[in-house]
Amino acid sequence: MKEHSYRLYALIILMIQISIHASKAQYTIPPRMEWWYEARFGMFIHFGSYSYLGHGEWAFSEENWTKSAYQTQVSANFNPSDFNAGTIARLAKNAGMKYLVITAKHHEGFCMWETDVQSFKDITGTTMYDLPDYTAFGTRDILQELKDSCEAQDIKFCLYYSILDWNHSSQEINRHTYYSNMASESARTDYIADMKVQLNELITRYHPAVMWFDGDWTYNAGSPTLSSWWTKSDGEDLYNYLRSLDTAVIINERVCRSFSLGDFDCPEKEVPDTPLNRPWETCQTMNNSWGYKIWDQNYKTPATLIREMVKVVSRDGNYLLNIGPKGDGTVPEQSVKVLNQIGEWMAVNSESIYAATRSPFASEPVWGYYTKKPGKLFAHVFEWPDNGILKIPSLVNSIKKIYTLTETTTSISFADSNGYIRLSLPDTAPDPMNTVFVLDVSGIPEASSEFIKVTDIVITGENGAKTIDTYGGSLQLSATAYPLDATDNTVSWTVSDTNVACIDAEGLLTAKQDGTITVTAVANDESDIRGRLRITISNQTTGDQQFRDQTTVRIFPNPNEHGILNIIQTGKPKSELVIYDIYGCPVMKHVISEKSFSFDISSLSTGFYTIRISDDASVFIHKLIKS
Ligand code: H79
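All figures in this text were calculated on a predicted structure; none of them were measured in a lab.

With that settled, consider the state of the cysteines. Enumeration according to the criterion identifies zero disulfides in this entry. This cysteine, Cys111, is not joined by any disulfide, and Cys158 carries the nearest cysteine sulfur, 19 Å off. According to the relative accessible area criterion, Cys111 is buried, its value standing at 0%. As a non-bridged cysteine, Cys266 has Cys283 as the owner of its nearest cysteine sulfur, 6.4 Å distant.

In structure tokens form, the structure reads like this:
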């Protein structure tokens, strides 16, 4: 499949998944998966004959190698004589990883163990296409070495296996789909049968805790064709076969992509926006490559990787972080460095990762992520709040104390009111990558629903209006806070430019001069939620003191020394009189009931005012100097 169509597919599938999973359904973990669900952090190892070439595991396809040239110039030269299983297992252990998945066979078809399945040969048909038989490496069994070293470190040993095989005599690379074409239906049947025998070898010899499949990229729910030869029912059959060999082995979804087969989803280099409806694992590279690529020095920082792992766990996933050893079996220096730095963080903070599950809250904070476990809520702070206060939504649980994993004996002071727990923080972050706060609570942390917070605010103008008159015009705004049953749905109003307009506590906006402003309503419940509306202020009146309905207004004398305005209207009388000060704020109001009336302004201090007489249809504006 071409890259763009592959991505499109992935996007569509992701969108479907997001809509399905929006409900954030909880799931139960079968007992055989408990260790995996609690492990949270594992090591992926891409190691194969491609590691010798150092152009990544896709070189066979990307560089258009023929089978024979690839076999003799790449695979035959692979000699990982410096492969040290102990070193790798310790590296994983120090980084805090609990399981390890190594490629037994990638798409290139080269087998990392001594297979006895006769069809997995080189092109001459004389030599088995595996590490002990096809190379000068000798008879060492590196999968067994690694399994033993993992066991010594209490790390679960797991295997990766590619369903598609660019080398096998049944298949040729399809240069358009990047998948492979089967030679015939019988070749397909034979290959699948042989593949199962290989998997039987792997399961019975190495007892992998996880079988991690890949190279399953047809979405074929129907009958096989020669180019789309792997189908959903093949995937189901493969799953059942493995389950019959080993009741405990955990199998990923890629026994056939995107039919939700297998035991867990595995988004590649991606983190779903919300928890999925079953267990999942994000696999990620440290640089841009899975298999060793000589020129790829584009390493992510330890902080980036730690933060992504935390994001994954906060959404209830596992994180499988890759290394790509070189052809000689050694691990690239930079990978070692990054893993050791992650290990330093894990040495202090792993309690917030192992057996930790997703955030108890519906939304994620701006400063980082939450993870939780019985008795503890972990707040992972990436961005240190400027104001020295960390706000966490209140819990139903009582809080015994709060501290950081960097300094467990120092209690952090806090207050819990109006739906938020507020922690008083030191000026600087103890760990700029991620400081983890522990809220020591009774029971499983659960968001309190007693105080329902505002999640959205919508502002509307009276009668839908978004413009007002320049000269003393005003507009009543209202803010609706959602959800409608929010405990405190009141707001505070502000305007972006107080030279242009002012707003009172009730949302009455009054113009001062031409301009465009943004009115903001901030929720008073400290949720930091705000609604915004742009308002245009311009001169809508003609200024000739004539109403559009031919009504005229006369005000005399002006100003009145005795503090009385005499107002005479002709035509249909207006309904309201408002007097504004020079700041545009209303200072007096009067409901008009007669065409001609007097109005007492003696209480006004001396100065300039605007008189506005209006009804729904039109406005009359008059300047007043009170002396
Ligand atoms: O083993 C690693 C990848 O080699 C394997 N999965 C991870 C764990 C993988 N194989 N295929 N894919 C992932 C997805 C296919 C991506 C492709 Fe492309 C995009 C194939 C063609 C376009 C990447 C870019 C590979 C070749 C060009």
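From this point, things continue past the structure.
A word on the site of the ligand. Lining the immediate environment of the ligand, one finds 17 residues, of which His46, Glu57, His106, Asp214 and Trp217 sit closest. Contacts to the ligand include His106, whose side-chain N or O atom sits 2.7 Å from an oxygen atom. Contact between the ligand and Asp214: a nitrogen atom at 2.6 Å from a side-chain N or O atom of the residue.

What follows concerns a nonpolar patch on the surface. Taken together, Ile582, Tyr583, Phe608 and Ile625 make up a surface patch of nonpolar side chains, about 470 Å² in accessible area. Summarising the element assignment, Tyr583 is placed in the loop between strand S27 (576–580) and strand S28 (586–591). On the basis of relative accessibility, which here comes to 52%, the residue Tyr583 falls in the exposed class.

Right, let's get into the sheet that holds strand S1 (residues 41–45). The seven strands are arranged S7-S6-S3-S2-S1-S9-S8 in an open sheet whose pairing can be described as parallel. A strand with exactly one partner marks an edge of an open sheet, and here the two such strands are strand S7 (250–251) and strand S8 (280–284). Two strands pair when backbone bridges link them, and S1 and strand S2 (residues 99–105) are joined in this way by four bridges, in the parallel orientation. By the bridge assignment, Gly42 is partnered in S2 with Tyr99. Across the sheet, helix H12 (residues 333–349) touches S1 and strand S9 (317–323), and the angle it forms with S9 is around 150°.

On to the pattern of salt bridges. Summed over the entire model, instances satisfying the criterion amount to 21 salt bridges. Arg32 is the salt-bridge partner of Asp263, the closest N and O atoms lying 2.9 Å from each other. Separated by 231 residues along the polypeptide, Asp263 in the loop between S7 and S8 and Arg32 in the loop between helix H1 (3–21) and helix H2 (34–39) bring together distant segments of the chain. Residue Asp263 is classed as buried on the basis of its relative accessible area of 9%. The exposure class assigned to Arg32 is partly exposed, which follows from its relative accessible area of 24%. The partner of Lys391 in a salt bridge is Asp528, with the nearest N and O atoms 3.5 Å apart. Here Lys391 is found in strand S12 (residues 389–393), whereas its partner Asp528 is found in the loop between strand S23 (515–523) and strand S24 (530–538), with 137 residues between them in sequence. Look at Asp528 and you get exposed, because its relative accessible area is 52%. In the salt-bridge network here, residues are joined through shared partners; they are Asp214, Asp216, Arg254, Arg257 and Glu268.

We now examine the packing of helix H9 (residues 185–206) against helix H10 (residues 232–245). Here H9 crosses H10 at 30°, and the two axes come no closer than 11 Å. Viewed along their axes, H9 and H10 adopt a mutual orientation that is roughly parallel. Like other packed secondary-structure pairs, H9 and H10 cross with a definite hand, here right-handed. Of the residues in H10, those touching H9 at Arg188, Ile192, Met195, Lys196, Leu199, Asn200 and Ile203 are Asp234, Asp237, Leu238, Tyr241, Leu242 and Leu245.

Attention now moves to the side chain of Asn434. Along the chain, Asn434 turns up in the loop between strand S15 (420–424) and strand S16 (435–441). Here the side chain of Asn434 touches His380 through a polar contact of 3.1 Å, side chain to side chain. Those residues in contact with Asn434 that sit more than four places away from it in its chain are Ile306, Val310, Trp345, His380, Val381 and Phe382.

This next bit is on the sheet that holds S24. Taking strand neighbours across the sheet as the criterion, the four strands line up as S18-S24-S23-S20 in an open arrangement whose pairing is mixed. The outermost strands of the open sheet, each flanked by one partner alone, are strand S18 (467–469) and strand S20 (491–495). Taken over all neighbouring pairs, the strand axes of this sheet differ in orientation by 30° on average, direction set aside.

Among the secondary structure elements, Thr126 is positioned in the loop between S2 and helix H7 (131–134). With relative accessibility at 60%, the residue Thr126 sits in the exposed group. Sequence separation of Thr126 and Met211 is 85 residues, and the distance between their C-alpha atoms is 29 Å.

For the rest of this paragraph, the subject is the pairing of strand S30 (residues 607–614). Counting buried positions along S30 gives six out of eight residues, so the element sits mostly inside the fold. Of the pairings in the sheet, the one linking S27 to S30 comprises five bridges and is antiparallel in character. Following the sheet pairing, Tyr580 is matched in S30 by Thr610. Where S30 meets strand S31 (residues 619–626), eight bridges bridge the pair, whose relative direction is antiparallel. Counterpart to Phe608 in the pairing with S31 is Ile625.

Our focus in this paragraph is the packing of helix H6 (residues 85–95) against H12. Relative orientation of the contacting elements H6 and H12 amounts to 40°, with a least axis distance of 7 Å. Of the possible angle classes, the one that applies to H6 and H12 is oblique. Listed contacts from H12 to Leu91, Asn94 and Ala95 of H6 are Val336, Leu339, Asn340, Ile342, Gly343 and Met346. Class assignment for the residues of the contact of H6 with H12 results in six nonpolar, three polar and no charged.

A few words on the domain arrangement of the protein. Entries for the protein in the domain assignment read domain 1 (43–349), domain 2 (368–441), domain 3 (456–541) and domain 4 (552–626). Here the C-alpha centroids of domain 1 and domain 3 sit 58 Å apart.

What follows deals with H6. Side chains that are three or four residues apart share a direction in an α-helix, a result of its 3.6 residues per turn. Where H6 is concerned, the buried positions are Ala85, Gly86, Ile88, Ala89, Leu91, Ala92 and Ala95. Contacts from the buried residues of H6 go to S1, S2, helix H8 (142–152), S9 and H12. Of the residues that open H6, the one with a side-chain oxygen 3.0 Å from the backbone nitrogen of Gly86 is Asn84. Looking one or two residues beyond H6, the residue adopting positive phi is Gly96, at roughly 95°.

Attention now moves to unusual backbone geometry. With omega at -5°, the peptide bond leading from Tyr482 into Pro483 counts as cis. Relative to the helices and strands, Pro483 resides in the loop between strand S19 (474–482) and S20. Residue Asn64 is not a glycine yet carries a positive backbone phi of 55°. Residue position: Asn64 is located in the loop between helix H4 (59–62) and helix H5 (67–74). Its identity as a non-glycine residue notwithstanding, Lys269 has a phi of 55°, on the positive side. Mapped onto the fold, Lys269 is located in the loop between S7 and S8. Lys269 gets classed as partly exposed once you look at its relative accessible area, which sits at 36%.

Definitions and limits used
Residues numbered from 1 in each chain as written. Predicted model: local features only at pLDDT ≥ 70, side-chain atom pairs only at ≥ 80, totals over all residues. Heavy atoms only, no water. Disulfide = S-S within 2.5 Å. Buried < 20%, exposed > 50% of the residue type's maximum accessible area, 1.4 Å probe, protein only. Near = heavy atom within 4 Å. Polar contact = N/O pair within 3.5 Å; in protein donor to acceptor, adjacent residues only side chain to side chain. Patch = residues over 30% accessible without salt bridge, like charges linked within 9 Å, V, L, I, M, F, W, Y side chains within 5 Å. Areas by Shrake-Rupley, 256 points an atom, 1.4 Å probe, with all protein chains shown as cover. Salt bridge = Lys/Arg side-chain N within 4 Å of Asp/Glu carboxyl O. Helix = DSSP H or I, 4+ residues; strand = E, 2+ residues; numbered from the N terminus. Pairing = 2+ DSSP bridges. Contact = heavy atoms within 4.5 Å. Axes fitted to C-alpha atoms, helices over the stretch in contact; angles between N-to-C directions. Parallel < 35°, antiparallel > 145°, perpendicular 65-115°, else oblique. Left-handed = near helix turned anticlockwise from the far one by under 90°. Nonpolar A, V, L, I, M, F, W, Y, C, P; charged D, E, K, R; others polar. Domains from an automatic or database assignment.

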